[in-house]
Amino acid sequence: MAELRPSGAPGPTAPPAPGPTAPPAFASLFPPGLHAIYGECRRLYPDQPNPLQVTAIVKYWLGGPDPLDYVSMYRNVGSPSANIPEHWHYISFGLSDLYGDNRVHEFTGTDGPSGFGFELTFRLKRETGESAPPTWPAELMQGLARYVFQSENTFCSGDHVSWHSPLDNSESRIQHMLLTEDPQMQPVQTPFGVVTFLQIVGVCTEELHSAQQWNGQGILELLRTVPIAGGPWLITDMRRGETIFEIDPHLQERVDKGIETDGSNLSGVSAKCAWDDLSRPPEDDEDSRSICIGTQPRRLSGKDTEQIRETLRRGLEINSKPVLPPINPQRQNGLAHDRAPSRKDSLESDSSTAIIPHELIRTRQLESVHLKFNQESGALIPLCLRGRLLHGRHFTYKSITGDMAITFVSTGVEGAFATEEHPYAAHGPWLQVRRPFFFSLLPFIDFLRLSLHPASLATLVLAETVPQQRERRGRQPGRVRLVCLQPQTEFKLPKEYSWPEKKLKVSILPDVVFDSPLH
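Quantities reported herein were computed from a predicted structural model and do not represent experimental measurements.

**Q** Could you clarify how one ought to interpret the overall build of the protein chain in this entry?
**A** Looking only at helices and strands, the protein chain has 14 helices and 23 strands in total. Going through the 519 residues of the protein chain one by one, you find that 57% of them count as buried. Contacts spanning at least 24 positions in sequence make up 72% of the contacts within the protein chain whose residues lie at least 6 apart. Of the roughly 21,200 Å² of accessible surface on the protein chain, a fraction of 53% belongs to carbon and sulfur atoms.

So this is what it looks like as structure tokens:
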């Protein structure tokens, strides 16, 4: 629950937690991290020292459900001459370290990020005659914050979030979000690290789909050029009834050209998928089709998990060299050397620290494989090929119902263990498929593209795919795209496609198949 009140005293504070990492105690009862962010707000709004504020009644660190302690709401007059309308400006407090006493975030020093390293903002167009800001954006921000806290994944500029519902629970077409740097809020150096400000931008389904097929930054730039769709400050107007492509059809040509030239910067998804090794009989104990060995589920090793995570991270960097990082035996528990080892990445298996038998993690060349996808992940196969592999990149499916992964790699990707001679290769439950074989599936891929409505493709569904909350410790800046699809056309399942000459089978299966412990 939350309450609306004028901002003022930040509320009760807890005594600093003991421990060697706790920073020195501050004399003021006003939390230093909170004070630093307030300072940036006062710089921007000197005439609004006490804005309306939505505050969590029971703070997260006292067992409450809302991770954000506060959401402040300011009135911004905009700049009509620059096509910037008057709007409400929402600013969160809680994703960064406000207190510095380890009650929520582990204090790791002043040089790095504070907490998760960012706070959320949102700009909502003010309606004529509106005297007070609507409070629904605060709950929207709490929903995103819950995802960050529970999954321990952070957001970055250019990320996209599918919500599959009007952001204000109305009949609006604004049902999804992009994230970008706030145009006015400057990064803040707090006693507990640096805080940046990421702004939520409401978008239509067609705009989200274009961001996925191309990249979020490109769509944000297009939105800035259309005043009624956001303008220079990317202000969300929930009454907007047209997409940018309906407002200016020429923008679709720019997107198509961008996809053709740049491809997609979406390098992987977590989805419902699996694979079988058809080269071995089912009774073989080492058969990859067996999800369980004895009574224990097969798990990706920490080293494989690290490599998959790095695959996703590097693939998101536009113009980055297509490289799969080598498996490094000096790294443990799937954690990279440049990241704090106390916060788990969302791709890391909870049991990845368990002892993995050597025969399960050696690289094996496979003669024949069976790839299994649900309708959501199958609909992304065209993007995988045309948006990634055709541009010399790679694309990874990471299972959210089991500990398996499938990576498609192009010829130019270094570090892959699938080769032209052996296009199917496995490292434990991680399968790689080399590009030349997959190019023979062009007719099948075009069929999938036409069978599923493109506008229904989206990424990062928070409500259905948030993992169980983990022990919160240090900071882990990993990111993962989660997949959801709401088909607009009937597509009867299951569907099975086979290419005997390529020793490949692909199945599109109902979700219920992947919900079972054995596929």
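**Q** What's the story with helix H1 (residues 32-44) in this structure? I'm lost.
**A** Every α-helix carries 3.6 residues per turn, so stepping three or four residues along brings you back to the same face. The terminal C-alpha atoms of H1, which comprises 13 residues, lie 19 Å apart, in line with the 18 Å expected from a rise of 1.5 Å per residue. Within H1, burial applies to Pro32, Gly33, Leu34, Ala36, Ile37, Tyr38, Glu40, Cys41 and Leu44. Those residues of H1 hidden inside the fold are in contact with strand E2 (52-56), strand E3 (70-76), strand E4 (87-93), strand E5 (113-125), strand E8 (188-190) and strand E9 (193-203).

**Q** What is the right way to read the packing of helix H3 (residues 205-213) against helix H4 (residues 216-224) from this model?
**A** Pairs of packed helices are described in terms of their axes, by the angle between the two and the distance that separates them. Where H3 contacts H4, the axes come no closer than 7 Å and their chain directions differ by 135°. Comparing their axes, H4 and H3 come out oblique. Facing H3, whose interface residues are Glu207, Ser210 and Ala211, H4 presents Gly216, Ile219 and Leu223. Split by residue class, the contact of H3 with H4 holds three nonpolar, two polar and one charged.

**Q** Before we go on, may I ask you to explain the packing of aromatic side chains in this structure?
**A** With the rule as written, the count across this model stands at 15 aromatic pairs. Taking the centre distance of 5.5 Å and the plane angle of 70° together, the rings of Trp61 and Tyr99 count as edge-to-face. Of this pair, Trp61 sits in the loop between E2 and E3 while Tyr99 is found in the loop between E4 and E5, placing the two residues 38 residues apart along the sequence. On the accessibility criterion, Trp61 (16% relative accessible area) is buried. A relative accessible area of 10% places Tyr99 in the buried class. Each ring, one from Tyr397 and one from Phe408, has its centre 6.2 Å from the other, and the planes form 80°; the classification is edge-to-face. Of this pair, Tyr397 sits in strand E16 (residues 394-399) while Phe408 sits in strand E17 (residues 405-409), and the two are eleven residues apart along the sequence. Residue Tyr397 shares its accessibility class with Phe408, and that shared class is buried. Taken together through their ring pairs, the aromatic side chains of Phe373, Phe395, Tyr397 and Phe408 make up a single cluster.

**Q** Hey, could you run me through the environment of His164 in this one?
**A** Looking at the element boundaries, His164 is found in the loop between strand E6 (160-162) and strand E7 (176-181). Each C-alpha atom, one on His164 and one on Gln175, is 5.6 Å from the other, the two residues being eleven residues apart in sequence.

**Q** Sorry, what's going on with the nonpolar core here?
**A** Soluble globular proteins: nonpolar side chains tend toward being buried together. Counting 50 residues, the largest nonpolar core has Phe93, Leu95, Leu120 and Phe155 as its most contacted members. At the level of elements, H1, E3, E4, E5, helix H2 (136-151), E7 and E9 are the ones that each hand at least two residues to this core. Per-element tally for this core: the top contributor is H2, with eight residues. When near neighbours in sequence (up to four residues on either side) are disregarded, Leu120 contacts Tyr90, Ile91, Ser92, Leu95, Met141, Leu144, Leu179, Leu198 and Ile200. Core analysis: the next-biggest nonpolar cluster, separate from the first, contains 32 residues, Val269, Leu366, Ile381 and Leu385 among them.

**Q** Can you help me understand the side chain of Glu130 in this one?
**A** Turning to its location among the elements, Glu130 is positioned in the loop between E5 and H2. The side chain of Glu130 sits in the buried core without any salt bridge; Arg126 is the nearest counter-charge, 5.5 Å away. When neighbours within four sequence positions are excluded, Glu130 is seen to be in contact with Trp88 and Lys125.

**Q** Help me understand the sheet that holds strand E14 (residues 363-365), please; the structure alone is not making it clear to me.
**A** Taken in spatial order, the six strands of this open sheet run E10-E16-E17-E19-E18-E14, and their pairing is mixed. Each edge of the open sheet carries a strand with a single partner, namely strand E10 (268-271) and E14. Taking the axes of each pair of neighbouring strands and ignoring which way they run, one obtains an average angle of 20° across the sheet.

What counts, and at which threshold
- Residues numbered from 1 in each chain as written.
- Predicted model: local features only at pLDDT ≥ 70, side-chain atom pairs only at ≥ 80, totals over all residues.
- Heavy atoms only, no water.
- Helix = DSSP H or I, 4+ residues; strand = E, 2+ residues; numbered from the N terminus.
- Buried < 20%, exposed > 50% of the residue type's maximum accessible area, 1.4 Å probe, protein only.
- Contact = heavy atoms within 4.5 Å.
- Areas by Shrake-Rupley, 256 points an atom, 1.4 Å probe, with all protein chains shown as cover.
- Expected span 1.5 Å × (residues − 1).
- Axes fitted to C-alpha atoms, helices over the stretch in contact; angles between N-to-C directions.
- Parallel < 35°, antiparallel > 145°, perpendicular 65-115°, else oblique.
- Nonpolar A, V, L, I, M, F, W, Y, C, P; charged D, E, K, R; others polar.
- Phe/Tyr/Trp six-rings, centres within 6.5 Å; stacked < 30°, edge-to-face > 60°.
- Core = buried A, V, L, I, M, F, W, Y, C linked by side-chain atoms within 4.5 Å.
- Lys, Arg positive; Asp, Glu negative; His and termini not counted.
- Salt bridge = Lys/Arg side-chain N within 4 Å of Asp/Glu carboxyl O.
- Pairing = 2+ DSSP bridges.

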